[in-house]
Every structure is written in C-alpha cells, then in structure tokens.
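Residue strings, one per chain:
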Amino acid sequence: GQQVMQIPQYQHVQEGEDFTTYCNSSTTLSNIQWYKQRPGGHPVFLIQLVKSGEVKKQKRLTFQFGEAKKNSSLHITATQTTDVGTYFCAGPANSGYALNFGKGTSLLVTP
Amino acid sequence: SQTIHQWPATLVQPVGSPLSLECTVEGTSNPNLYWYRQAAGRGLQLLFYSVGIGQISSEVPQNLSASRPQDRQFILSSKKLLLSDSGFYLCAWRQGASDTQYFGPGTRLTVL
C-alpha cells in the first residue's frame, strides 16, 4: 500500500546549526503537508505544498516538493531551541479522506 | 473560528475497565473527524475516521470502537481496556475538500 517514509528518525543539533528532514512517498502525491508537534503537545499544521517543484518559506523554514511529487524536504536554517519537536510529513491516502503520516523526525536543539 | 475540544486531558484506568473519550468541534458543520493514537515517542496511528453522522471507518481492528452521534461529536470507546491501549489519543477534523487536518489537544491514557 501507499507509504510515506521520513528520515532521519532523530536529529540532535547545536543551536545555530541547520537541520533537514526528508520525506519520500511510494506513490505520486497530489499534495504534501508538514506538521510540527512540540514535546507534550499536539501536531500543528505548518504548510501544504501542491505544485511540482514548489518551494515555500516560513521565516527560517524552507519547504520543497519534488519535481516528481513523490518527495519533500523541510530545512531549518540556524536552528533555535524553539524549533525542538517532531516534524511530520503527510500525504493524502488512497481513500481520499485520510492522510498517511510519516513516522516523524524528532529534532533536539541544545544551546 | 473553529475550535476542537477533547476531554479528559489525562486519564489513568485499570486494565479491564471501560473507556469513553469525547471530541467536539465548534465553528464548522459536517466536518470529517479522525481518531489517532500515538505511543510514546512514536508516530501517528489512524484508528477511525468519520465523514458524517453514524458513518465510521475503522483503519485498524482492535479493542476500540468509535461513534458519531452528532455532527460535531466523535467518541472513542472500549468495553475492556488492555495495557497496550495506553497512549496519547488525538482527535482531528478537516473541512470539505481540503486535506489539512487540525488536531485537538489530546488525551493521555495510562492503563495500569
């Protein structure tokens, strides 16, 4: 079945270093979404990418959707302690009603 | 604006006891509703989703059931809890054709 895979599972960086998480789908996606879950909190929607090759920025966060619409990345420039959390990517499931979430990348930033 | 509520926030239950978790959404009508479970330090497992009153789709056969008695109310239940039912239960909603889901604050369930 359709799968969404994310790497790495964990990443530990020093504050100020960059961070990237990668997401790969076994099938072409109509869109891909990114969510952030802070420790102890719930996932919060960050952004949706729809177009092939699309790049969107939110301050220090850069999101990319691959040309084949099967992969995506989230890059954080100069991480801060407020970036700590787990980042999930998600693509629409075949049912049309659900999302297939990746297993997430947990980011730890030490000052 | 839309808001989603879940209660209780935390729950400690003995093995074999029943469970009822409630989720309500305000500020929207006919949303799609979802129940997820997240084990400690793990990903999101979709348990059930509903596209309308009385309509429930089960993604994973297990010790749980879901019901949607009203348009904006989604309930997760169990007749007898197992140790493996412990986890963080999240309710989410989405509106219309958009794929974006919005999550509630969650319920942390510990089964002892």
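Chemist: Break down the overall build of chain A for me, citing the residues and quoting the values.
Modeler: When helices and strands are tallied, chain A shows zero helices and eleven strands. Mapped in sequence order, the helices and strands of chain A form the string β-β-β-β-β-β-β-β-β-β-β. Rg of the C-alpha trace for chain A: 13 Å, near the compact-globule value of 13 Å for 111 residues, within the 12% margin. Dimensions of chain A, computed from the C-alpha atoms along their principal axes, are close to 40 × 30 × 20 Å. In chain A, buried positions account for 48% of the 111 residues. Expressed as a percentage of contacts within chain A between residues at least 6 apart in sequence, the contacts between residues at least 24 apart total 52%. Summed over all atoms, the accessible surface of chain A reaches about 5400 Å², with 51% contributed by carbon and sulfur.

Chemist: Tell me about the pattern of salt bridges, residues and numbers included.
Modeler: Pairing between side chains becomes possible if they bear opposite charge and their charged atoms approach one another. A full pass over the atoms with the stated rule returns five salt bridges over all chains. Note that Asp83(A) is salt-bridged to Arg60(A), the shortest N-O span being 2.8 Å. Taken together, the positions of Asp83(A) in the loop between strand E8 (71–76) and strand E9 (85–92) and Arg60(A) in the loop between strand E6 (55–58) and strand E7 (61–65) put the pair 23 residues apart, joining distant regions of the chain. Assessed through its relative accessible area of 4%, Asp83(A) is described here as buried. Its salt-bridge partner being Arg68(B), residue Asp71(B) comes within 3.3 Å of it at the nearest N-O pair. Among the residues examined, Asp71(B) registers a relative accessible area of 21% and is labelled partly exposed. By relative accessible area, Arg68(B) is classed as buried at 2%.

Chemist: Tell me about the sheet that holds E7(A), residues and numbers included.
Modeler: Across a sheet, paired strands are connected by hydrogen bonds in the backbone, their directions being either parallel or antiparallel. Residues and elements named next belong to chain A. In space, the five strands of this open sheet follow the order E1-E3-E8-E7-E6, with antiparallel pairing throughout. At either margin of the open sheet sits one strand with a lone partner, and together these are strand E1 (4–7) and E6. In this sheet, neighbouring strand axes are inclined to one another by 15 degrees on average, regardless of whether the strands run parallel or antiparallel. Note that strand E3 (residues 19–25) and E8 share six bridges and pair antiparallel. Bridged to phenylalanine 19 within E8 is isoleucine 76.

Chemist: Break down the environment of Gly27(B) for me, with residues and values.
Modeler: All names here are of chain B. Tracing the backbone through its elements, the reader meets glycine 27 in the loop between strand E3 (19–26) and strand E4 (32–38). A sequence separation of 26 residues divides glycine 27 from serine 1, and the C-alpha atoms of the two residues are 5.7 Å apart. The residues touching glycine 27, leaving out its near neighbours within four places in the chain, are Ser1, Gln2 and Arg72.

Chemist: For the layout of surface pockets, give the residues involved together with the corresponding values.
Modeler: Vacant regions in the atomic arrangement are exposed by a probe of water-molecule size rolled over the atoms. Approximately 1100 Å³ is the volume attributed to the largest pocket. Along the wall of the largest pocket there are 44 residues; nearest its centre are Phe88(A), Lys103(A), Arg42(B), Gly43(B) and Leu44(B). Secondary-structure elements contributing two or more residues to the lining of the largest pocket are E1, E9 and strand E10 (99–101) of chain A together with E4, strand E5 (45–52), strand E9 (87–94) and strand E11 (107–111) of chain B.

Chemist: Break down the sheet that holds E3(B) for me, citing the residues and quoting the values.
Modeler: All names here are of chain B. In space, the four strands of this open sheet follow the order E1-E3-E8-E7, with antiparallel pairing throughout. For this open sheet the edge positions go to strand E1 (3–7) and strand E7 (65–70), each flanked by a neighbour on one side alone. Geometrically, the sheet is characterised by an average inter-axis angle of 20 degrees between neighbouring strands, direction not taken into account. Pairing of E7 with strand E8 (residues 73–78), which is carried by four bridges, proceeds in the antiparallel orientation. Across the sheet, residue alanine 66 finds its bridge partner in E8, namely leucine 76.

Chemist: Give me the lowdown on the pairing of E9(B), citing residues and values where you can.
Modeler: All names here are of chain B. Within E9, eight of the eight residues are buried, which leaves the element mostly enclosed by the surrounding structure. Sheet topology places E4 next to E9; seven bridges connect them, and they run antiparallel. By the bridge assignment, glutamine 38 is partnered in E9 with phenylalanine 88. Two strands pair when backbone bridges link them, and E9 and E11 are joined in this way by three bridges, in the antiparallel orientation. Residue pairing for E11: tyrosine 89 is matched across the bridge by threonine 107.

Cut-off values and rules
Residues numbered from 1 in each chain as written. Chains lettered and ligands numbered in written order. Predicted model: local features only at pLDDT ≥ 70, side-chain atom pairs only at ≥ 80, totals over all residues. Heavy atoms only, no water. Helix = DSSP H or I, 4+ residues; strand = E, 2+ residues; numbered from the N terminus. Rg over C-alpha atoms; globule rule 2.2 N^0.38 Å. Buried < 20%, exposed > 50% of the residue type's maximum accessible area, 1.4 Å probe, protein only. Contact = heavy atoms within 4.5 Å. Areas by Shrake-Rupley, 256 points an atom, 1.4 Å probe, with all protein chains shown as cover. Salt bridge = Lys/Arg side-chain N within 4 Å of Asp/Glu carboxyl O. Pairing = 2+ DSSP bridges. Axes fitted to C-alpha atoms, helices over the stretch in contact; angles between N-to-C directions. 1 Å grid on protein atoms, 1.4 Å probe; cavity = no way out; pocket = protein on both sides within 12 Å on 5 of 7 lines; lining within 4 Å. Points joined across faces, edges and corners; volume = space filled by probe spheres on them.

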